[in-house]
There are 2 protein chains.
Amino acid sequence: MSESTEPPYARIAAELSRRIAERELTAGDKVPSTRQVAREFGVALATAAKALDVLRSEGLVITRPRSGTVVAPRRPGGAAGGPAAELTRERVLAEAVAIADAEGLEAVSMRAVAARCGVAPMSLYRHVEGKDDLVMAMSDAVYGTLVLDLDEAAPWRERITAIARALWRVHREHPWLGRVHPLTRPLPLPSLLEVGDRLLGALEDVGLAPKLQFDAHVLLYSHIVGLAANFEREDEAISDTGLSAEEWTDLQYVPAMNGSGVMARYPHFAKLFGHFGALPEGYDMDLEELFELGLGLLLDGLAALAERGRARGC
Amino acid sequence: MSESTEPPYARIAAELSRRIAERELTAGDKVPSTRQVAREFGVALATAAKALDVLRSEGLVITRPRSGTVVAPRRPGGAAGGPAAELTRERVLAEAVAIADAEGLEAVSMRAVAARCGVAPMSLYRHVEGKDDLVMAMSDAVYGTLVLDLDEAAPWRERITAIARALWRVHREHPWLGRVHPLTRPLPLPSLLEVGDRLLGALEDVGLAPKLQFDAHVLLYSHIVGLAANFEREDEAISDTGLSAEEWTDLQYVPAMNGSGVMARYPHFAKLFGHFGALPEGYDMDLEELFELGLGLLLDGLAALAERGRARGC
DNA sequence: GACAAGCGAGTACAACGTATCCGGGAGGAA
DNA sequence: TTCCTCCCGGATACGTTGTACTCGCTTGTC
């Protein structure tokens, strides 16, 4: 229709970028393929390809090998936006982690993940071997977010504490991790192995026998993961009952304990609850505090052990 | 056949009690119902009912409302009787636990349990609210098998160790327990509460602040349960791969670690493996040993804590 | 006899993980 | 330009899970 002096490929590129600008095509949508463009505009394939090249160089579209060309996201922070971004292993993992964080690990079904990716359930299997693989990869991805800015010269206790806290933090942010963890078979998760390695490095300086070094690193893991497992329980129970831990303790647990001779059957519980009842807010199970306490006890114990070993050794 | 002066109901009662005495009917068996008796002896329903009344008043049989009349236990210890026993909550739980022990918790499906009971799946729901209830009840039943012969006069450390070991033993025998455990919400499992109460009792003597007493009891639980969670992983992995933990470590893990620059990426792992390689049998993760080590560390720490508290307090 | 009540069984459904097959677009070869 | 070969994503389907509903059947009691 319009006759202009600009070359055909530029005209086509302009037309396509108009469609994008006017939102006929929005971020994530597939842009016509080379062949479609050629047919639609009645030009040669080479011309069509050149037009798409222009768009690509302008950053308006992104060509993903073997998958077609799609409209690029309008701005970097598209948020949960691009519902139709290309399916990649990373995206699958990210969506799965998002579901797990929000609704717990048992809400992570292949179908749910697929739905969040805007994709058929079976499409996931192109990027993930199966559910087990998915969960493992999720764990690895999450452990991979762990950042350790560690002063390698600091005393061992400080370094171990830092590593333990970092691990603890990851578990706090992803409560479902507690349910996944292995241990006896140190999962070949690269990210986790790396943290473990740093931990072993710090333990080297304690002055324990090699076997004890390894034992200690397992115990520290166990402490973290064991306590962190409560996060999941916690969340699960909150969403089940709609009560926070404290509310639950106050409203359900304490009355139940007070009722019908329970106190009589569990005298020491009763005694302690007597104490807590006298406190302003009762006892609230502060996992944070428990973690620090347990960590302190373990490290104290290790230090003493090393000390004893040294005394006997010399 | 026999003509006697005694009334029909007495004759019937005598015949039935003979059957019981001669073990044609033994404890727990169903005694003929009113209707069956009426048909068998050719008497009226009322007569049959009266005969059964006699047996009931003699304590030979027990009538359970809406469930039939059964022979009373000869003596208190009737023990786990026949495979075709009547469906009771206890039997359901026992079979479920048997499955879990043998094949892991994930093998415990309602259908599997029902099959083992020789019963339709839905029949279980008469005795169990649902799967969750089943699992909770299984845990409770298993914790209930825990025996504590505890010298209440022994020093606290000894008592705590004994309780911890008892709990550990239960988890060792029922590896699936590790996957169930709550904690923040102390499950209202009576059996578990009882153990917890004993533990708190022992902790009272340590000399800690009340809150610390409770914290300590949670930490001890966490240590036990956290480590014990590996039992399940262990079993699961063994049945998956057909390798024991040691074999797995030797055959899979170590070679994997040796391969392709892994050692370079995890230098401290590498270093330790160098040590273990030199040992006769390498490193084998002995959970038993880890448990004792961790328990010792925690108790040492608590003792020190109490000591410090006392020093500051006075 | 009639009665209500509880038990066990049967049927059915939704949701799950996943094996299998298929259409179609993209890129390379002819 | 025309095919050929990939491989992605989709559709369909199977077997298994937990469980809601709904039946008879049998019980002890009027």
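Our structure's up above, just so we're on the same page.
Residue numbers restart at each chain and count upward from 1, following the sequence in its written direction. Going through the entries in the order they are written, you letter the chains from A and number the ligands from 1. In keeping with the predicted nature of the model, local features appear solely for residues at pLDDT of at least 70, side-chain atom pairs appear and are counted solely at 80 or more, and the whole-chain, interface and lining totals rest on all residues. By convention in this description, side-chain values take in all heavy atoms of the structure and omit both hydrogens and water.

> Explain the pattern of salt bridges to me, please; I cannot follow it from the model alone.
Oppositely charged side chains may form a pair once their charged atoms are brought near each other. Salt bridges are defined by distance alone: a side-chain nitrogen of Lys or Arg within 4 Å of a carboxyl oxygen of Asp or Glu. The final tally for this structure, using the stated rule, is 25 salt bridges over all chains. D300(A) is the partner of R308(B) in a salt bridge, and the nearest nitrogen-oxygen pair spans 3.8 Å. Taken together, the residues span two chains, with R308(B) in helix α13 (residues 287-313) and D300(A) in helix α13 (residues 287-313). Judged by relative accessible area, which is 28%, D300(A) ranks as partly exposed. For D215(B), the salt bridge is made with K211(B), and the minimal N-O distance between the two is 3.6 Å. In this pair, D215(B) and K211(B) both sit in helix α9 (residues 210-241), four residues apart, roughly one turn of the helix. Each residue's exposure class comes from its accessible area (1.4 Å probe, protein chains only) as a fraction of the maximum for that residue type: buried when under 20%, exposed when over 50%, partly exposed otherwise. Note on K211(B): relative accessible area 27%, which makes it partly exposed. Residues participating in the shared-partner salt-bridge network are E152(A), R159(A), R198(A) and D205(A). The way it works is that DSSP assigns letters per residue, a run of H or I at least four long becomes a helix, a run of E at least two long becomes a strand, and they are numbered from the N terminus.

> Where do I start with helix α7 (residues 156-173) of chain A in this structure?
Residues three or four positions apart in an α-helix share a direction because the helix packs 3.6 residues into each turn. By this rule the span expected of a helix is its residue count minus one, scaled by 1.5 Å. Its 18 residues place the ends of α7(A) 26 Å apart at the C-alpha level, agreeing with the 26 Å of an ideal helix rising 1.5 Å per residue. Every buried residue of α7(A) is listed here: W156(A), R159(A), I160(A), T161(A), I163(A), A164(A), A166(A), L167(A), W168(A), V170(A) and H171(A).

> Even after reading the chapter, I still don't get the packing of aromatic side chains, so can you show me in this structure?
The geometry of an aromatic ring pair is captured by two quantities: the separation of the ring centres and the angle between the planes. Residues and elements named next belong to chain A. Pairs were defined over the aromatic rings of Phe, Tyr and Trp, the Trp ring being its six-membered one, requiring ring centres within 6.5 Å. Orientation was assigned from the angle between planes: stacked under 30 degrees, edge-to-face over 60, tilted for the rest. Following the criterion strictly, the structure yields two aromatic pairs over all chains and no others. Ring geometry for W168 and F291: centres 4.4 Å apart, planes at 5 degrees, overall stacked. Of this pair, W168 sits in helix α7 while F291 sits in helix α13, and the two are 123 residues apart along the sequence. Pair check on accessibility: W168 and F291 agree, each one buried.

> What should I look at first to understand the nonpolar core in this one?
What tends to happen in soluble globular proteins is that the nonpolar side chains get buried as a cluster. Ranked by size, the top nonpolar core spans 137 residues in total, and within it L134(A), M138(A), L134(B) and M138(B) carry the most contacts. In terms of residue count, α13(B) provides more of this core than any other element does, eleven residues in total. Within the second largest apolar cluster, five residues are counted, among which are I12(B), L16(B), A51(B) and L52(B). Among buried residues, those of type Ala, Val, Leu, Ile, Met, Phe, Trp, Tyr and Cys that are joined through side-chain atoms within 4.5 Å constitute a nonpolar core.

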